[in-house]
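Chain and residue survey
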Amino acid sequence: MEKRYVDPLHELGQLLMEIEKPARYTGGEYGSLARRSAILDTLIAFPDLYEIGMSNQAMRIIYNRINRIKGISCDRAFAPAPDFEKLLAEKNIPLYGLDTGIAFHDLDILMFTFGYELGITEVLAMLQAGKIPVRSEDRDEQCPIVIMGGPSVSNPVPYSRFIDAFWIGEAEAGFFELLTLLCDMKKAGEGRAALLAKIAEHPNIWLRGKKKAFRAVDPHFGEGEGGAAVFPVPSIKTVQMHGAVEIMRGCPNGCRFCHAGYWYRPMRQKNAPAVFREAEAFIRQGGYREISLSSLSTGDYRYIDYLVNTFNERYQQEHVSFQLPSLRVSSFSLPLLEKVSLVRKSGLTFAVETPEEAWQFSINKQVLRDDVVSILREAKKHGWRGAKFYFMIGLPIAKGAKHLNEKPEEGPEQSEEAEIVNFIRYVAGKTGAHCNINVGVFVPKPHTPYQRTVQMEHEKAGEKLFWIKDNLKKEGHKVSFQDPFISGLEGILSRGGEFTGVLIEAAFRRGCRLDAWSEYMKRDVWEKIVTEYRKEIKKMLDFEIAQELPWASINSGISPHYFNDEFKKSCNQELTLTCTENCTYNCGICGKQRGIVYNSIHDKVIYNEKDTDTSADASNFSFRILFSFSKTGKAVFLSHLSLVEIFNMAFLRAGIPVSFTRGFNPLPKLEILAPLSLGITGLNEMALIETGVFFNGNGFAACMNKVLPEGLTIVHAENHEVPAGIKKHSLSSFLWGFSYQEEEDAQAAGGTHVPLRIVPFNEEKKYRENRTALKGSVYGLIRSAVLARDPSGKEDVGKPYFEVFRHLYKPASESPPAV
């Protein structure tokens, strides 16, 4: 049977103008890897919007690794916003992959990476939009196999009625080998049933009825064998528009509330040479000027100072900055923070969680207020004025609790909300800092010491949160928090049993989508469902000591006895030491095949110096590259801000020595003239950059066109020399007007002369409005040229910008040799 491939431009065209951010759904990004005609067609789906999913590290790893396997293609897709989901349904178009356009229902394997429980209704929405039955029992031999993985399937039971199989643990530890085996089976003629049976046999796979599945742990993470997951590079701004190099997986600290800290044990640090290689790939291949050295506790990475010093020595002059998230107060170093702030200043963030020292002992974490004060006082001397603080309420911090399901209560003279306020008042009073405080509601999670504890009811949590906000807001501090009802819902979904699937499907059928977003969340629908099934939910989450937990069939590698012992230590407010290679307490995770891995540095990392000729004396003259570019096809849906980001990243990929502005956040000196509205095709748009050294115009076009996304092309470029003291004119200062043509005129002309409409710039807005009134939108309108005024002022007529700039500045052809 022939597979269905969706072409959104051809099949939807002008209708894309009616939805928000259509570039989410058109693809064409630089570095797209999936291809048609593979033996095994797979797709990795992220159940949230493009801006969130394209920042997700797990998705990028899976996408890049699978597309290296011969015979397998891995496309990608993200949750459609409600407006696009509605449009697809109205036009009877299935959800599709962004790279190839393959319809969901024609895939062999559909994979979901699942990192947040509230994304589950969007999983169902994506299945439905892809013309795949929502329940696994309703799928036949023609349907793809649906697999889900990620940290939120550490308890897969609530989602088991919808998903065919769950991968438990890290994909690098066997999942890609499993896909290779499935590809060989399909090549040999095996069908869906045989492939699913083979999947079910794998020890790291869980599905309904299976008694035990083991968490996969990558023992080779520290070696960095997988390389950097650079591609594709987003074409629209994402929530974290930076390259992410995972320098450590797992965490040695054992915070008792932290699901990720236990789920990703043991701690494994990536070797420094591998870290350097990955960062270099993100910079040179991806074009990222901000690199995040990510982990659960970056300050615990051995030789972190060496890492940062080396990066600064190599990349500071190229305006590449590095971020160190997740620095603990006990591993905090202000000199280290100053080093990573050389290019762009980072903020100060303190994850305190709970304010009292004894309570911190309960959760196995220490963030003493006097340590925070010392850091802030020193930071103030170096330019920092404020800080961000994270707290949680509802933690099981009461001393002397006897049962795992005993509800925590504060003493009569101490309430957690009052102590949070006192903590901030103390710190602010001692330092004069302005504080930004985020307070969350603790959600007990599977595979942690608190997995059996009772979660605080959202009504009580709401009272505490608003009390904190009311008391700190009037003192000039900013307080934010998530709706506590959402936290309660997260608790139901994360620790529920099979009955939770009934709640999920009911919410989905009643229209719930994108529940993590306040603007899309249908709180009233979820409230009615929770009320309807209140008794069943209460019974499901009331975990007695001897009761088997819903996720008992998932072996995380950590002994249940260890979790029980840790809970007892929490009740007695006792600390557990950090994980080491020779720890005296055995959680069960370390063994012959896996264990703690520390970073090692073998030889000093040596980089090849760039070949750019920097012999020009920038103090005597500078260079400006004037270039025209076309914006066609999928690119017509890119906004002006997206275009700026795309060019800035492409300059780095192409090795263009662009000059930067000064100040807090240096940016490339780029001017894009008269931004196009979405939907309008541009054939000769104009832009200008400044460089400190000569770069040949023809070489500029050739280098840039290799690294631009689909639909953007440099048409022509010229380099001009600007001696010191000569005014640098902006493009906008010479703007006269535009020439336009209609798509239908071009089609009617059949490649011959197309009539142009010359439009002065002060009449362009009216011209576009008339076009919209006549045709419904500007889609199909073509701007063929941007015209400059006569610099002499003698003629009131538009001229080509290249002609005007040749008159103003000397062409730089006689300058130093081209790169």
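Up top is the structure these notes are about.
Presented here is a report on the structure given in the accompanying data block.

Basis of the calculations
- Residues numbered from 1 in each chain as written.
- Predicted model: local features only at pLDDT ≥ 70, side-chain atom pairs only at ≥ 80, totals over all residues.
- Heavy atoms only, no water.
- Helix = DSSP H or I, 4+ residues; strand = E, 2+ residues; numbered from the N terminus.
- Rg over C-alpha atoms; globule rule 2.2 N^0.38 Å.
- Buried < 20%, exposed > 50% of the residue type's maximum accessible area, 1.4 Å probe, protein only.
- Contact = heavy atoms within 4.5 Å.
- Pairing = 2+ DSSP bridges.
- Axes fitted to C-alpha atoms, helices over the stretch in contact; angles between N-to-C directions.
- 1 Å grid on protein atoms, 1.4 Å probe; cavity = no way out; pocket = protein on both sides within 12 Å on 5 of 7 lines; lining within 4 Å.
- Points joined across faces, edges and corners; volume = space filled by probe spheres on them.
- Nonpolar A, V, L, I, M, F, W, Y, C, P; charged D, E, K, R; others polar.
- Expected span 1.5 Å × (residues − 1).
- Disulfide = S-S within 2.5 Å.
- Core = buried A, V, L, I, M, F, W, Y, C linked by side-chain atoms within 4.5 Å.
- Phe/Tyr/Trp six-rings, centres within 6.5 Å; stacked < 30°, edge-to-face > 60°.
- Lys NZ or Arg CZ within 6 Å of the ring centre and 35° of its normal.
- Polar contact = N/O pair within 3.5 Å; in protein donor to acceptor, adjacent residues only side chain to side chain.

A closer look at the overall build of the protein
Of regular secondary structure, the protein possesses 25 helices and 26 strands. Against the 2.2 N^0.38 benchmark of 28 Å for 819 residues, the protein shows a C-alpha radius of gyration of 29 Å, consistent with a compact globule. The principal-axis extents of the C-alpha atoms in the protein amount to approximately 90 × 70 × 55 Å. Among the 819 residues that make up the protein, the fraction classed as buried is 58%. Long-range contacts, defined here as pairs at least 24 residues apart, represent 79% of the contacts in the protein between residues at least 6 apart.

What to know about the sheet that holds strand β5 (residues 165-167)
The strand order across the open sheet built from 6 strands is β2-β1-β3-β4-β5-β6, with neighbouring strands paired in mixed fashion. The open sheet has two edge strands, β2 (72-78) and β6 (205-206), and neither has a second partner. Bridge count between β5 and β6: 2 bridges; the pairing is antiparallel. Across the sheet, residue tryptophan 167 finds its bridge partner in β6, namely isoleucine 205. Against the sheet, helix α7 (residues 192-201) engages β1 (40-46), β4 (145-149), β5 and β6, with an angle of about 25 degrees to β4.

With respect to empty space enclosed by the protein
Summed over the entire model, instances satisfying the criterion amount to 9 cavities of 30 Å³ or more. The computed volume of the largest cavity comes to approximately 80 Å³. Every residue along the wall of the largest cavity is listed here: Arg24, Tyr25, Tyr50, Ala77, Phe78, Ala79, Phe84, Leu95, Tyr96 and Leu98. Residues of the lining of the largest cavity, tallied by class, amount to 9 nonpolar, no polar and 1 charged.

So, the sheet that holds strand β12 (residues 321-323)
In spatial order, the strands read β8-β11-β12; together these 3 strands make up an open sheet with parallel pairing. Only two strands of the sheet have a single neighbouring strand rather than two, namely β8 (243-246) and β12. With strand direction ignored, the average angle separating the axes of adjacent strands in the sheet is 25 degrees. Here 3 bridges tie strand β11 (residues 290-294) to β12, and the two strands are oriented parallel to one another. Bridging from a neighbouring strand, isoleucine 291 pairs with phenylalanine 322 of β12. Sheet strands touched by helix α9 (residues 272-286): β8, β11 and β12. Its angle to β8, the strand with the most contacts, is close to 170 degrees.

What to know about the pairing of β1
β1 sits mainly inside the fold: 7 of its 7 residues count as buried. Neither face of β1 is open: one carries Leu40, Thr42, Ile44 and Phe46, the other Asp41, Leu43 and Ala45, and all of them are buried. Of the strand pairs in this sheet, β1 and β2 are connected by 7 bridges, and their pairing is parallel. The residue of β2 that forms the bridge with threonine 42 is cysteine 74.

Remarks on helix α15 (residues 458-473)
With 16 residues, α15 extends 22 Å between its outermost C-alpha atoms, agreeing within 8% with the 22 Å of an ideal straight helix rising 1.5 Å per residue. Along its buried surface, α15 packs onto β14 (386-393), α14 (416-431), β15 (434-441), β16 (478-481) and α16 (484-495).

Some thoughts on the state of the cysteines
If you walk through the whole model with that rule in mind, you get 0 disulfides. The cysteine cysteine 571 is free of any disulfide, with cysteine 255 supplying the nearest cysteine sulfur at 17 Å. Cysteine cysteine 579 remains unbridged, with the sulfur of cysteine 587 as its closest cysteine sulfur at 5.9 Å.

Thoughts on the nonpolar core
The biggest cluster of nonpolar side chains holds 203 residues, and the ones touching the most others in it are Phe389 and Phe700. Sort the elements by how many residues they give to this core and helix α21 (residues 640-654) lands first, with 8 residues. Apart from residues no more than four positions distant in its own chain, phenylalanine 389 is found in contact with Phe350, Val352, Val372, Leu376, Phe423, Ile424, Val427, Cys435, Asn436, Ile437 and Asn438. Formed by 24 residues, the second largest nonpolar core is a distinct cluster that contains Leu688, Leu731, Val778 and Ala788.

Some points on the packing of aromatic side chains
On inspection of all chains with the given rule, the structure shows 38 aromatic pairs. Their ring planes at 20 degrees and their centres at 4.3 Å tell us that phenylalanine 311 and phenylalanine 322 sit as a pair that is stacked. One end of the pair, phenylalanine 311, is in helix α10 (residues 304-315); the other, phenylalanine 322, is in strand β12, with 11 residues separating them in the sequence. The residues phenylalanine 311 and phenylalanine 322 share a single accessibility class, namely buried. Residues phenylalanine 637 and tyrosine 779 carry aromatic rings whose centres are separated by 5.8 Å and whose planes lie at 15 degrees to one another, so their mutual orientation is stacked. Of this pair, phenylalanine 637 sits in the loop between β18 (621-631) and α21 while tyrosine 779 is found in the loop between α24 (764-775) and β24 (781-788), placing the two residues 142 residues apart along the sequence. You'll find phenylalanine 637 and tyrosine 779 in the same group, each marked buried. Above the plane of the ring of tryptophan 263 lies arginine 215, whose end atom (NZ or CZ) is 5.5 Å from the centre.

Comments concerning the environment of arginine 624
The residue arginine 624 is located in strand β18 in this model. Sequence-distant contacts of arginine 624, that is, excluding residues within four places in its chain, are made with Leu688, Ile689, Glu690, Glu718, Asn719, His720, Val722, Lys728, His729, Phe805 and Tyr809. A polar atom in the side chain of arginine 624 sits 2.9 Å from the backbone oxygen of histidine 729. A polar contact of 3.5 Å, which involves the side chain of arginine 624, links it to the side chain of tyrosine 809.

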